[in-house]
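Commentary on secondary and tertiary structure
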Amino acid sequence: MSETLLQTKLYIPPARPNLVPRAELIKRLDQGLQQNCKLSLISAPAGFGKTTLAAEWISALRQEVDPVTGREALAEDHTAWLSLDKGDNDPVRFLTYLIAALQKFAPTLGQNVQAMLSPSQPATMEPFITALINDLTAIKTTTPLILVLEDYHLIELPAIHEGLRFFLDHLPPKMHLVLISRSDPQLHLSRLRVRNQLVEVRARDLRFSSREATIFLNESMGLALSSEMIFALEQRTEGWIAGLQLAAMSLQQQDDPDSFVTAFAGDDRYVADYLMEEVIRGQPEGVRSFLLGTSILNSLTASLCDAVMEREDSGSILNELETSNLFIVPLDNQRRWYRYHHLFTDLLRQRLEESMPAKDIAALHQRASNWFEASGLFIEAIEHALEAEDYPNAIRLIDLASGEIFISSRLNTLLKWWSRLPVGSLDSNLGLYLAFGWAWVATGKSEQAESCMQAIEQVVGFQMEELYKGEKDTKRLPPDVQGFLLEVAMIRAQLAISKGNIPEALNLSQLVLSYLEENELPLPRTPSEDAKAVVLFNMGMAHKLSGDLQAAEEELAASAALTQTQANIHLTAVAYGNLAGVQTEQGHLMQAVETCRLGLRLVQEMAGRRSPMSGLLQVGLGNLLYEQNKLEPAIQALQEGIELAKPWNFWDALLPGYLGLARFQAGQGKWDQAMTLLEELESLGQMLPEFVLPLIASYRARLWSMHGNSSEAGQWLQSSGLRAADPLNYPQEGEYITLARVLLAQKHYDEAEDLIERLLEATERDGRWGRAIELLLLQALSLEARGAQSQALEHLTRALALAEPRGYLRIFVDEGQPMASLLYRASAQKIMPGYTGKLLAIYRESETAPPTSSEVGQATASLIEPLSQRELEVFECLTEGLSNREIAQKLTISLTTVKTHTRNIYRKLDVKSRSQAVAKGRALDIG
């Protein structure tokens, strides 16, 4: 069951015959297009002819080339239209319809974005809009592409406003956006005005002048009013087109036009209500009831209206209404679909509520729901069932459509319906409790998910604790009840993992697994093979978080294998992504690369598109490629992974993705950019689990300590509450490694080395070789700083021996010049010369290149000139990573003096940069 898009939202309203020409306004819009303005804003209250003007302009643009202006005619596939409604306050729905509209320009436009749409509300629409902009930019055209968004005032969601602002800021040169709105949109209008990128048409522009009012009333509407009567109406309505049209329709039924105009011009606060009463009263009873009854519909077609009104002549009535200009707008060229003017709809609905009992209005909604269900439009069917307060039918329809809603990434819509259902209305539908529970889990709402699980337990009269503690014989329960409880256990296991409660997650997972192996129980929402894959995945994640990598690898590999048979692309992505993560921690880098690539290929083969959860695979691959010093493909994979993960708020990929980008920037010496990336990640804190934020702070301290900023790193040390003598635990192992780095930066060598020894013992015992290599390097750097050079080389040699067969490179290079000096000593002593030479070559390719062996050999014999005492002091500051200004403050000398001493140091060491000076000086034991 696939969700059907309402194509009528994409139709451009055809220009009406006998319209009052708006030549000046058309000319203004034309000029904006010719001047490459980004935006045309048509903003005015209801009934001012905004949509009519836009449709007239589009129609004019499609005409033959104008010999006067030289304007080139636009092809039909260069104009697109999207009529918005309140339901579009859902990022996924908005993007889905936006893509459908833009595909008027190119049928394949936005297909990658469609593949990325997620069930949870996107954190930001920027990645999707970026992809659409790229697709639009690729269209080769010499004439403009025009997109019209009608009724934009109905959009209230900040995320959509932000996305449209980004779209406008990066609009391709040939692209032009038109917004039709009753109020000013939340865009940077003032900035666009200053840059002459905005065309504005407002209520004062749209108001009919006396001349236009005369044409409208006497020619378009067929009246014969005197100039005095027209002036009176024009003054009373202030040129409001809808008011004039309502007045004209009433006048067509009046025997005494003068009296009507006099009354209309009187001091009446409720002109709209008065005119509505006049218009409706002037219609035949059948038409009057038709208008009121069909006002509940957002779009009208003959068969739908027949079903709602229980009649068979709706087609002819719709034709009559259009002929009479009764505030009805055709939505396609075949005159099959229509809608009422929005103001007309509002007033009709108000009148309907005043004149019809609630039960009769509910019956209208019920019949509309039935028609939409029969037409396969389940979203609209559910909306009308809810409006009718027909909750049993609404629940039935939600249950019927929930699977497709998950597939089509409409979880926000599903959860909106949850808020409209009465408390307790789902008690007879445990399957929907599960559906809502999975939806709450997917969107990170643990408390709501737990409430759904408790509701199921209450209905079946059985608690999950009794199930996995064996306090009751569950086999006496009906199989379907057992199935519900097992799926509750699967959801609870995921909730336990998110809270870090590993024992509970394992207990629940093992319980479900044993039941699945012993019984063939049908699960209400999850196929049996999928269920086993989910359980194995949960167990693998629990063991991964507890540090049992061997068990995690086995379970994740088993889960990944099962997902292939079920073609579950999302589970395939996370299973392979986390399996690669385990292999990375074990130091199996090449194997992890192959796992990432296999997962990406399988997802593509299964569905022909990427899963948003493929972000985990892309990020994992990017970090692995960076470690292998494959910089360009690494940065590309990291960025693509983050782009995929953002809409899901998928922190499993966002955290390593952003940290990987920060590591990349720091590795290039771009410390400010690295810190900015951490700030950007931290800004997502409301959407990330609480325990992720300390990991970001820890990584920032890691970068500070590597950059020589011991004071900032020390502030983290105080706030973290970590101490070197603390008992170690696996979940915080990375933070304790940062603690060791901070202690080294503060020159607390004894504390640091004791902590490193304890950490090293744990990582080597459990086979976490990547961390073991890093700890050995820190130990070597600490010993080198203390002058224990032979011991430093011993630890470096151990690290080299572990790292070479596994393919590690950047783990050495990212340690900067202190490591470069150590590697040179190792190379000079023929310690693994091939590998050390490869590492030193990477340094030489960057600005942080260490001296070559020949350079050091020449300098060892004698410097060009010995360094003075002050130059030695400046050199020591350089090794600490201080800036020129910080050196001046520390040594109490001028900034100019610092620069002079620095130039002298470069000259005497025969180097060209600070980093080369530090490396060469350390290699020569200067200072």
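These figures come from a predicted structure and were not determined experimentally.

1. Quick look at the overall build of the protein chain
Tallying secondary structure elements over the protein chain gives 48 helices and eight strands in all. Put simply, the protein chain has 927 residues, and 56% of those count as buried. Counted over contacts in the protein chain with a minimum sequence separation of 6, partners at least 24 positions apart contribute 67%. Approximately 39,400 Å² of the protein chain is accessible, and the part contributed by carbon and sulfur atoms is 49%.

2. Thoughts on the packing of helix α14 (residues 285–294) against helix α15 (residues 302–309)
Across the interface, α14 lies against α15 with an axial gap of 10 Å and an inter-helix angle of 100 degrees. One finds that α14 runs roughly perpendicular with respect to α15. Packed against α14, whose contacting residues are Ser289, Phe290, Gly293 and Thr294, the element α15 presents Cys305, Val308 and Met309 at the interface. Its residues assigned to classes, the contact of α14 with α15 comprises four nonpolar, three polar and no charged.

3. A word on the sheet that holds strand β1 (residues 39–43)
Here five strands make up an open sheet; going across it, the order is β2-β3-β4-β1-β5 and the pairing parallel. The open sheet has two free edges, formed respectively by β2 (79–83) and β5 (198–202), since each of these has just one partner strand. Pairs of neighbouring strands in the sheet enclose a mean axial angle of 15 degrees, with direction left out of account. Note that β2 and strand β3 (residues 145–150) share five bridges and pair parallel. Bridged to Thr79 within β3 is Ile146. Its contacts with the sheet put helix α1 (residues 23–34) on β1, β3, β4 (175–181) and β5, and the angle it makes with β5 is roughly 165 degrees.

4. Section: the side chain of Glu815
Here Glu815 is to be found in the loop between α41 (810–813) and α42 (817–828). Residue classification places Glu815 among the buried residues on the basis of a relative accessible area of 11%.

5. A short note on the sheet that holds strand β8 (residues 337–340)
With antiparallel pairing, the three strands of this open sheet are ordered in space as β6-β8-β7. With one partner strand each, in any of the chains shown, β6 (300–301) and β7 (328–330) form the two edges of the open sheet. Bridge analysis of β6 against β8 gives two bridges, and the strand direction is antiparallel. If you follow Thr301 over to β8, its bridge partner there is Trp337.

6. Side note on the packing of aromatic side chains
Inspection of every chain in the model, using the stated rule, returns eight aromatic pairs. Taking the centre distance of 5.2 Å and the plane angle of 85 degrees together, the rings of Trp371 and Phe372 count as edge-to-face. Three or more aromatic residues joined by ring pairs make a cluster, and in this case those are Trp418, Tyr433, Phe436 and Trp440. The ring centre of Tyr97 lies 4.7 Å from the NZ or CZ of Lys9, which sits over that ring.

7. A word on helix α22 (residues 430–442)
The end-to-end C-alpha separation of α22 is 18 Å, in line with the 18 Å expected for 13 residues at 1.5 Å each. Most of α22 sits out of view: twelve of its 13 residues are buried. Here α22 has its buried residues at Leu430, Gly431, Leu432, Tyr433, Leu434, Ala435, Phe436, Gly437, Trp438, Ala439, Trp440 and Val441.

8. A short note on the nonpolar core
Ranked by internal contacts, the top residues of the largest apolar core, which has 253 residues, are Leu149, Phe436, Leu796 and Phe812. If one sorts the elements of this core by residue count, helix α25 (residues 479–498) sits on top with twelve residues. When neighbours within four sequence positions are excluded, Leu149 is seen to be in contact with Leu82, Leu84, Leu98, Leu164, Leu177, Val178, Leu179 and Ile180. If you look at the next biggest cluster of nonpolar residues, it comprises 26 residues, including Ile58, Leu74, Trp81 and Val178.

9. A closer look at the pairing of β8
In β8, alternate side chains face the same way, and those of Trp337 and Arg339 on one face and Tyr338 and Tyr340 on the other are all buried. As paired elements, β7 and β8 share three bridges and run antiparallel to each other. Along β8, the bridge assignment pairs Pro330 with Tyr338.

10. Comments concerning the pattern of salt bridges
The full count for this structure, using the stated rule, is 39 salt bridges. Glu450 is the salt-bridge partner of Arg492, the closest N and O atoms lying 2.7 Å from each other. Taken together, the residues span a long stretch of sequence, with Arg492 in helix α25 and Glu450 in helix α23 (residues 446–460) at a distance of 42 residues. Considered together, Arg492 and Glu450 belong to a single accessibility category, that of buried residues. Linking Lys908 and Glu871 is a salt bridge whose minimum nitrogen-to-oxygen distance equals 2.6 Å. Of this pair, Lys908 sits in helix α47 (residues 895–909) while Glu871 sits in helix α45 (residues 869–879), and the two are 37 residues apart along the sequence. Accessibility assignment for this pair places Lys908 and Glu871 in one class, buried. A single network of salt bridges, built from pairs that share partners, joins Glu733, Arg765, Asp766, Arg768 and Arg771.

11. Some points on helix α2 (residues 50–61)
Between its terminal C-alpha atoms α2 stretches 17 Å, which fits the 16 Å expected from twelve residues at 1.5 Å a residue. Taken as a whole, α2 has its buried residues at Lys50, Thr51, Leu53, Ala54, Ala55, Glu56, Trp57, Ile58, Ala60 and Leu61.

12. Notes on the confidence of the model for the protein chain
Predicted confidence across the protein chain gives a mean pLDDT of 84, with 88% of residues reaching 70 or more. Confidence drops under pLDDT 50 across residues 265–270; counting only partners more than four residues distant or on other chains, this segment forms four contacts. Residue range residues 848–862 is modelled with pLDDT below 50. Its contacts to residues more than four positions away, or to other chains, number 25 contacts.

13. What to know about the environment of Leu386
Position of Leu386 among the secondary structure elements: in helix α19 (residues 378–387). In this structure, the C-alpha to C-alpha distance between Leu386 and Arg420, residues 34 residues apart in sequence, is 7.5 Å. Ignoring any residue separated from it by four or fewer positions in sequence, one finds Leu386 in contact with Tyr391, Ala394, Trp417, Arg420 and Leu421.

14. Notes on the environment of Ala752
If you trace the backbone, Ala752 turns up in helix α38 (residues 749–766). C-alpha separation for the pair Ala752 and Ala740, spaced twelve residues apart in sequence, amounts to 5.0 Å. Leaving out residues up to four positions away in the same chain, Ala752 has contacts with Ala740, Leu743 and Leu744.

15. Some words on the environment of Asn196
Considering the arrangement of structural elements, one finds Asn196 in the loop between α7 (189–194) and β5. When the C-alpha atoms of Asn196 and Gln35 are compared, they prove to be 8.7 Å apart, with 161 residues separating the residues in sequence.

16. With respect to a negative patch on the surface
A cluster of acidic residues, Glu751, Asp754, Glu757 and Glu761, forms a negative patch on the protein surface. Inspection of the secondary structure assignment puts Glu751 in helix α38.

17. Section: the side chain of Asp88
For Asp88, the position within the fold is in the loop between β2 and α3 (91–102). By relative accessible area, which is 0% here, Asp88 ends up buried. Setting aside residues up to four positions removed in sequence, Asp88 forms contacts with Lys9, Ser83, Arg93, Phe94, Tyr97, Ile155 and Ile160.

18. Regarding unusual backbone geometry
Of note in the backbone geometry, Asn196 takes a positive phi value of approximately 55 degrees without being a glycine. One non-glycine residue, Asn629, lies in positive phi territory at about 65 degrees. Mapping Asn629 onto the fold places it in the loop between α31 (614–627) and α32 (631–645).

19. Things to note about the packing of α31 against α32
Where α31 contacts α32, the axes come no closer than 7 Å and their chain directions differ by 160 degrees. Classified by the angle their axes make, α31 and α32 are roughly antiparallel. When the axes of α31 and α32 are compared, the crossing they make is left-handed. Here Ser614, Gly615, Gln618, Val619, Gly622, Asn623, Leu625 and Tyr626 of α31 come into contact with α32, specifically with Leu631, Pro633, Ala634, Ala637, Leu638, Glu640, Gly641, Ile642 and Leu644.

About the thresholds
Residue indices begin from 1 for each chain and proceed along its sequence in written order. Only residues with pLDDT of 70 or above have their local features reported here, since the model is predicted, and side-chain atom pairs are shown and tallied only from 80 upward, although totals for entire chains, interfaces and linings are computed over all residues. Each side-chain value is derived from all of the structure's non-hydrogen atoms; neither hydrogens nor water enter the calculation. A helix here means a DSSP run of H or I that spans at least four residues, while a strand means a run of E at least two residues long, and both kinds are numbered starting from the N terminus. Only protein chains enter the accessibility calculation, which uses a 1.4 Å probe; a residue whose area is less than 20% of its type maximum is buried, one above 50% is exposed, and one in between is partly exposed. Whether two residues are in contact is decided by their heavy atoms: any pair within 4.5 Å suffices. Every accessible area reported is derived by Shrake-Rupley at a probe size of 1.4 Å, with residue values counting cover from the shown protein chains alone. To get an axis, fit a line to the C-alpha atoms, keeping to the stretch in contact for a helix; angles then go from 0 to 180 degrees between the N-to-C directions. An angle counts as roughly parallel when it lies under 35 degrees, as roughly antiparallel when it exceeds 145, as roughly perpendicular when it falls between 65 and 115, and as oblique in every other case. Residues were grouped as follows: Ala, Val, Leu, Ile, Met, Phe, Trp, Tyr, Cys and Pro as nonpolar; Asp, Glu, Lys and Arg as charged; and all remaining residues, including Gly, as polar. Two strands qualify as a pair provided DSSP detects at least 2 bridges between them. Only the six-membered ring of Trp is used, alongside the rings of Phe and Tyr, when aromatic pairs are assigned; centres must lie within 6.5 Å, and planes under 30 degrees apart are stacked while those over 60 apart are edge-to-face, with the rest tilted. Definition used: whenever NZ (Lys) or CZ (Arg) falls within 6 Å of the ring centre and also within 35 degrees of the ring normal, the charge is taken to sit over that ring. The span you would expect from a helix comes to 1.5 Å times its residue count less one. For this analysis, a nonpolar core means a set of buried residues of the types Ala, Val, Leu, Ile, Met, Phe, Trp, Tyr and Cys, connected via side-chain atoms within 4.5 Å. Salt-bridge detection follows one rule: a side-chain nitrogen of Lys or Arg within 4 Å of a carboxyl oxygen of Asp or Glu. The score called pLDDT rates the predictor's confidence residue by residue, from a low of 0 to a high of 100. Here the term patch refers to residues with relative accessible area over 30% and no salt bridge, with like charges joined within 9 Å and nonpolar side chains (Val, Leu, Ile, Met, Phe, Trp, Tyr) within 5 Å. In this charge count, Lys and Arg are treated as positive and Asp and Glu as negative; neither His nor the chain ends contribute. In this description, the location of a charge corresponds to atom NZ of lysine, CZ of arginine, CG of aspartate or CD of glutamate. Each helix crossing is assigned a hand: it is left-handed if the near helix lies turned anticlockwise from the far helix by less than a right angle, otherwise right-handed if that turn is clockwise.

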